[in-house]
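An overview of the molecular structure
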Amino acid sequence: MRVTGAIWALGAMSGTSLDGVDAAMVLTDGHSIAEFGPDAYRVYTDPERAVIRAAFGQWPGEAGVAEAAELVETAHAQVLSRFSGVDVVGFHGQTLAHDPAGRGTHQAGNGALLAGVLGVPVVWDFRSTDVQLGGQGAPLAPFFHHACARFAGLTAPVAFLNLGGVGNLTWVDPRVARPDDPGALMAFDTGPANAPVNDLMLARRGLAQDAGGALAASGTVDEGVVTAFLSHPYFFKMPPKSLDRNDFPGQLPAVAHLPDADAAATLVACAAAAVARGAEHFPLPVARVLVCGGGRHNAALMAQLALRLGVSVEPVEAIGLNGDMLEAQAFAYLAVRVMRGLPTSGPTTTGVRAAVGGGQISRP
Ligand SMILES: Nc1ncnc2c1ncn2[C@@H]1O[C@H](COP(=O)(O)OP(=O)(O)OP(=O)(O)O)[C@@H](O)[C@H]1O
Ligand SMILES: CC(=O)N[C@H]1[C@@H]2OC[C@@H](O2)[C@@H](O)[C@@H]1O[C@H](C)C(=O)O
């Protein structure tokens, strides 16, 4: 697509599951996507992961944060310096703590430092302003999902589902021209997605994940556990709403009585049931749910989603997008919006009172 005034942005995201740093380029004017560019991935080593994990839940200045932030900055500098032709970087950082109603939101990593190292402007600290103005500070990908739906030429309401550690759902009406126009978007976190089954695999099998969902697929769902899970107060809150990774601490104890396969199947069913519960909030029904994030590789999770949602559940690759890079691309796109003074969130995505452009700009 020809887009006048488009620039090349490079976005980077380090997600809650701590697998590594995703980086990807997008050519955009901050409204439309003109073209997707190259991408790269930089895995965290086990010792690095341990340092970051030790700082989870900590706020700036608290124990372990400086060490984690330095590691996050170094890993990002390594992967981002592999790219050329970059006009601006969108640097999300690593969320260590998120408490929008209380202490705020904390993404480790200093964008000013990265701007110096990379020699290009860096947009960072995307969530703080939204939180300071009463928003949830998350999710931020929805404005980008809106651009993606229009880029793909969709003409009916559709949902994007990101299955990372936590799940988040964006309902989009691509017929509405701008993401901050009324009726364009509704977005919120659905509940835990991959995190509980990862925790189970680690605790019971010493593995990082249930590859392909094979273990879950061989088990039987305990529907009693799913029903009890759905009684959590989070599911009775109206969107917008967001979650911290540890907001659902009781999930492993809830499946403690089950053999491994049944426990995995049940945790996957809980994640899917949370999404289906979330879909009840949609302003208009959707015919398809497009899935990004690592959870789309979990066949048991995809099957449970199709069952509980009753609509077509497909990876975002079905509309020509890259499901592993969507969040990194989102922060590339959002960086350009920040540079151009355009909003990055609004009342229907983070619950902030009026549309707001979050993010600090640091120049080299
Ligand atoms: N082949 C696979 N089989 C099963 N699960 C997988 C597979 N690949 C990835 N996953 C799951 O996806 C997770 C990683 O997803 P992703 O990279 O989207 O999360 P994230 O971006 O770190 O998290 P968030 O979006 O919550 O910030 C892994 O921890 C794992 O649970
Ligand atoms: C506070 C924070 O970092 N939240 C992340 C996390 O990971 C998934 C979900 O929880 C979402 O709310 C968000 O990230 C995506 C990229 C977002 O802001 O849209």
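Conventions we followed
- Residue positions are counted from 1 within each chain, in the order its sequence is given.
- Chains carry letters and ligands carry numbers; both start at the beginning, A for chains and 1 for ligands, and go up in the order they are written.
- Restriction of local features to residues with pLDDT of at least 70 applies here, the model being predicted, together with a cutoff of 80 or more for giving and counting side-chain atom pairs; totals for whole chains, interfaces and linings are based on all residues.
- The basis for every side-chain value is the complete set of non-hydrogen atoms in the structure, without hydrogens or water.
- UniProt positions are given in the numbering used here, feature names are shortened, and annotations may be inferred rather than shown by experiment.
- A helix here means a DSSP run of H or I that spans at least four residues, while a strand means a run of E at least two residues long, and both kinds are numbered starting from the N terminus.
- Each radius of gyration reported is based on C-alpha atoms, and the globular scaling rule is 2.2 Å times the count of residues to the power 0.38.
- Accessible area is worked out with a 1.4 Å probe on protein chains only. A residue is then buried under 20% of its type maximum, exposed over 50%, and partly exposed in between.
- Only heavy atoms matter for contacts: two residues are in contact if any of them lie within 4.5 Å across the pair.
- Here the open area of atoms and residues is found with the Shrake-Rupley method and a 1.4 Å probe, where only the protein chains shown may cover a residue.
- Residues are labelled near a given molecule or strand when at least one of their non-hydrogen atoms is within 4 Å of it.
- N or O atoms within 3.5 Å of each other form a polar contact, as long as, within protein, one can give a hydrogen and the other can take it, and as long as residues adjacent in sequence are counted only when both atoms are side-chain atoms.
- Note on residue classes: Ala, Val, Leu, Ile, Met, Phe, Trp, Tyr, Cys and Pro are nonpolar, Asp, Glu, Lys and Arg are charged, and everything else, Gly too, is polar.
- Residue ranges labeled as domains rest on an automatic or database domain assignment.
- Fitting a line to C-alpha atoms yields each axis, with helices limited to the stretch in contact; the angle taken between N-to-C directions then spans 0 to 180 degrees.
- Every angle not falling under 35 degrees, over 145, or within 65 to 115 is termed oblique; those three ranges are roughly parallel, roughly antiparallel and roughly perpendicular.
- Take the far helix as your reference; a near helix turned counterclockwise from it by less than a right angle gives a left-handed crossing, and one turned clockwise gives a right-handed crossing.

An unreviewed UniProt entry lists the protein chain under the name Anhydro-N-acetylmuramic acid kinase, with Pseudotabrizicola sediminis given as the organism. Recorded in UniProt under Sequence similarities (unreviewed entry), the annotation for the protein chain is "Belongs to the anhydro-N-acetylmuramic acid kinase family." Reading the Function (unreviewed entry) entry of the UniProt record for the protein chain gives the comment "Catalyzes the specific phosphorylation of 1,6-anhydro-N-acetylmuramic acid (anhMurNAc) with the simultaneous cleavage of the 1,6-anhydro ring, generating MurNAc-6-P. Is required for the utilization of anhMurNAc either imported from the medium or derived from its own cell wall murein, and thus plays a role in cell wall recycling."

Let us now look at the overall build of the protein chain. Counting its regular elements, the protein chain contains twelve helices and twelve strands. Taken against the 2.2 N^0.38 rule, which gives 21 Å for 364 residues, the C-alpha radius of gyration of the protein chain at 19 Å falls within 12% of a compact globule. With the principal axes as the frame, the protein chain shows a C-alpha extent of 55 × 45 × 35 Å. Residue burial in the protein chain is summarised as follows: out of 364 residues, 57% are buried. Long-range contacts, defined as pairs at least 24 residues apart, comprise 70% of the intrachain contacts of the protein chain with a sequence gap of at least 6. Approximately 13900 Å² of the protein chain is accessible, and the part contributed by carbon and sulfur atoms is 54%.

Our next topic: the site of ligand 1. If you check the shell around ligand 1, you find 21 residues, and the closest are Thr16, Ser17, Asn198, Gly212 and Gly294. A distance of 3.1 Å is found between an oxygen atom of ligand 1 and a side-chain nitrogen or oxygen belonging to Asn162. A distance of 2.9 Å is found between an oxygen atom of ligand 1 and a backbone nitrogen or oxygen belonging to Gly165. When isolated, ligand 1 has an accessible area of 650 Å², and the protein chains bury 84% of it. Classifying every residue of the shell around ligand 1 gives three nonpolar, 15 polar and three charged. Looking at the shell around ligand 1, you find at least three residues from each of domain 1 (7-135 + 328-344 + 353-362) and domain 2 (153-319).

Right, let's talk about the site of ligand 2 for a bit. In the neighbourhood of ligand 2, 15 residues make up the surrounding shell, with Thr95, Arg127, Leu140, Ala141 and Asp189 lying closest. The backbone of Ala141 places a nitrogen or oxygen atom 2.8 Å from an oxygen atom of ligand 2. One of the side-chain nitrogen or oxygen atoms of Asp189 is found 3.0 Å away from an oxygen atom of ligand 2. Starting from 430 Å² of accessible surface for ligand 2 in isolation, the protein chains cover 97%. Contributing elements (two or more residues each) for the shell around ligand 2: strand 4 (88-99), strand 8 (166-172) and helix 12 (326-339). Per-element accounting of the shell around ligand 2 gives the leading share, three residues, to strand 4. Here the shell around ligand 2 is composed, by residue class, of seven nonpolar, five polar and three charged.

Attention now moves to the side chain of Ser345. The topology assignment puts Ser345 in the loop between helix 12 and strand 12 (360-362). A relative accessible area of 1% places Ser345 in the buried class. Separated by 2.7 Å, the side chains of Ser345 and Asp130 make a polar contact.

Let us look at the packing of helix 1 (residues 46-54) against helix 2 (residues 65-80). Following both chains from N to C, one finds helix 1 and helix 2 inclined at 135°, their axes separated by 8 Å at the closest point. Judged by the inter-axis angle, helix 1 sits oblique to helix 2. In this structure, helix 1 meets helix 2 at a crossing whose hand is left-handed. Across the interface between the two elements, Glu48, Val51 and Ile52 of helix 1 pack against Glu67, Ala68, Leu71 and Val72 of helix 2.

UniProt marks Gly15, Thr16, Ser17, Leu18, Asp19, Gly20, Val21 and Asp22 with the feature "binding site: ATP" (unreviewed entry), using the numbering shown here. Within the secondary structure layout, Thr16 lies in the loop between strand 1 (7-14) and strand 2 (20-28). We classify Thr16 as partly exposed; its relative accessible area is 29%. Secondary-structure assignment places Leu18 in the loop between strand 1 and strand 2. Overall, the relative accessible area of 0% leaves Leu18 in the buried class. Leaving out residues up to four positions away in the same chain, Leu18 has contacts with Tyr44, Arg49, Ile52, Arg53, Phe56 and Gln94.

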